[in-house]
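# Coordinates in review
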Amino acid sequence: MDFIREIQIQCFAFIFGGLRVASKFPQWIRGKHVQMAIRESPPECLSDPLLGRHIFAKINGTKYHYVESGSRRQEMILCLHDFGDFWYGWRNQLRGLSHSNWVVALDLKGFGETKKPFIASKYKDEVVVEQLKQFIDVLQEDDKQIVIIGHGLGGYIAWKFVEKYPSMVRKFISISTPHPRIWLKHVMRSWRSVIENRWLYICRLPFLPEMEKVANDLEVFYKRFKNSNSVMNQSKYSNLDKEDYKYTVSHTTDWQGPINYFRNFPLADFSRSVLKEEGPKPCIPVDTLLIVGNVDPELSLDRMSESAEYVDRFAMQIVNGTGHSPHQEQPNVVNEHITKFIKDELSYMTKWSSMMKLVSQPKFSS
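This section reports on the structure supplied with the text. (Residues numbered from 1 in each chain as written. Predicted model: local features only at pLDDT ≥ 70, side-chain atom pairs only at ≥ 80, totals over all residues. Heavy atoms only, no water.)

### Some thoughts on the environment of Ile342
Within the secondary structure, Ile342 is located in helix α15 (residues 331-342). The spacing of Ile342 and Leu289 is 53 residues in sequence and 9.5 Å in space, taken between C-alpha atoms. In this structure Ile342 touches Glu75, Ile77, Asn101, Val147, Arg170 and Lys171, once residues within four positions along its chain are discounted. (Helix = DSSP H or I, 4+ residues; strand = E, 2+ residues; numbered from the N terminus. Contact = heavy atoms within 4.5 Å.)

Shown next, in the form of structure tokens:
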């Protein structure tokens, strides 16, 4: 049965991939494309000493790059970034949270200056989570608990990590990322959802997703910043910030690792177990803070609140006027929420009562 489901997923991949190629073919014929700009030197922002110290650590043959700020005698806050991002996405947290914490912004495997293995199996959930544990063990020699923050893909990995190693985590903060079961259930719940999330299936194909990402001088980033104009303070993103991103992912090989994460998503397994809600829901015994923007085009408030079913207790903050990256769009507000949560100054709610309050009387933070 799993074999049949995997064949169905591959069929979707070829169908959606073929349609994508067909839609781009007229542009290729007419020669309407932008030449890739040559970016040989990194922007100065990436080496700004005010953001922190650049360090490498080798874990099971994989060289990891991370930036740290603050004293190692303080509690560690480990930050895991989203797809299409890298350590620089946490620049505001490296500056804003390091006065009383040891902030570590990691380049996930396949991103930034961390090693980019070619083989897709190196990016399976269990492999990534286990190497993340080893990374923490190397940095935390005295077995102290940490605070872990995840956004997007980094949030997905953080959920997986906290489920497997809850004793290592004192506080967990998920930004714009519902529990993996919730996310995948909505991705596959209907034909409309499958079509809306066709990119996940296209990622099963070799080369095509990577080539598309670097097309037209990384047009994907122009669209990303353009789509953010209506919901974010653009002073938080400068032209230098945009060049930082373009420099970091300016080759197809820079996208291969990130896309390999999606190639390993267990769509066939989840189509059977998640949609039918088989088995008990894991309940994570770690205090959890859920942060979401109220105008996030990729995530509804209801979907984020459903994650309450997977934790013992949690707090939720809805950041007004922000989209999918509230920690970049309104960093001061988000940093304040994080600080209060770490200091136990936020009110916790039980999963049932909190869901009722969220639906009936949502409170927005400005």
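### Things to note about the packing of aromatic side chains
Under the counting rule described, the total for this entry stands at 18 aromatic pairs. Judged by centre distance (5.9 Å) and plane angle (55 degrees), the ring pair of Phe16 and Tyr201 falls under tilted. In this pair, Phe16 sits in helix α1 (residues 2-30) while Tyr201 sits in helix α7 (residues 198-202), placing the two residues 185 residues apart along the sequence. For the pair Phe16 and Tyr201, a shared accessibility class is recorded, and that class is buried. Each ring, one from Trp87 and one from Tyr88, has its centre 5.6 Å from the other, and the planes form 90 degrees; the classification is edge-to-face. For the pair shown, Trp87 and Tyr88 are each scored as buried. Each residue in the set Phe83, Tyr156, Trp183, Trp255, Phe262 and Phe265 is aromatic and connected to the rest through ring pairs, giving one cluster. Its guanidinium or amino end placed over the ring of Tyr165, Lys133 lies 5.5 Å from that ring's centre, counting from NZ or CZ. (Phe/Tyr/Trp six-rings, centres within 6.5 Å; stacked < 30°, edge-to-face > 60°. Buried < 20%, exposed > 50% of the residue type's maximum accessible area, 1.4 Å probe, protein only. Lys NZ or Arg CZ within 6 Å of the ring centre and 35° of its normal.)

### With respect to the side chain of Asn335
Tracing the sequence through the fold places Asn335 in helix α15. Residues contacting Asn335, with those up to four places away along its chain left out, are Asn92, Gln93, Gly96 and Leu97.

### Considering the pairing of strand β3 (residues 76-80)
Most of β3 sits inside the fold, with 5 of its 5 residues counted as buried. The two faces of β3 match: Met76, Leu78 and Leu80 on one face and Ile77 and Cys79 on the other face are all buried. Sheet analysis places β3 next to strand β4 (residues 102-106), joined by 5 bridges and oriented parallel. Bridge pairing in β4 links Ile77 to Val103. After leaving β3, the chain enters helix α2 (residues 91-96) and then returns to the sheet as β4, a path that is right-handed. Pairing analysis gives 4 bridges linking β3 to strand β5 (residues 146-151), with the strands arranged parallel. (Pairing = 2+ DSSP bridges. Right-handed = clockwise from strand over helix to strand, strands pointing away.)

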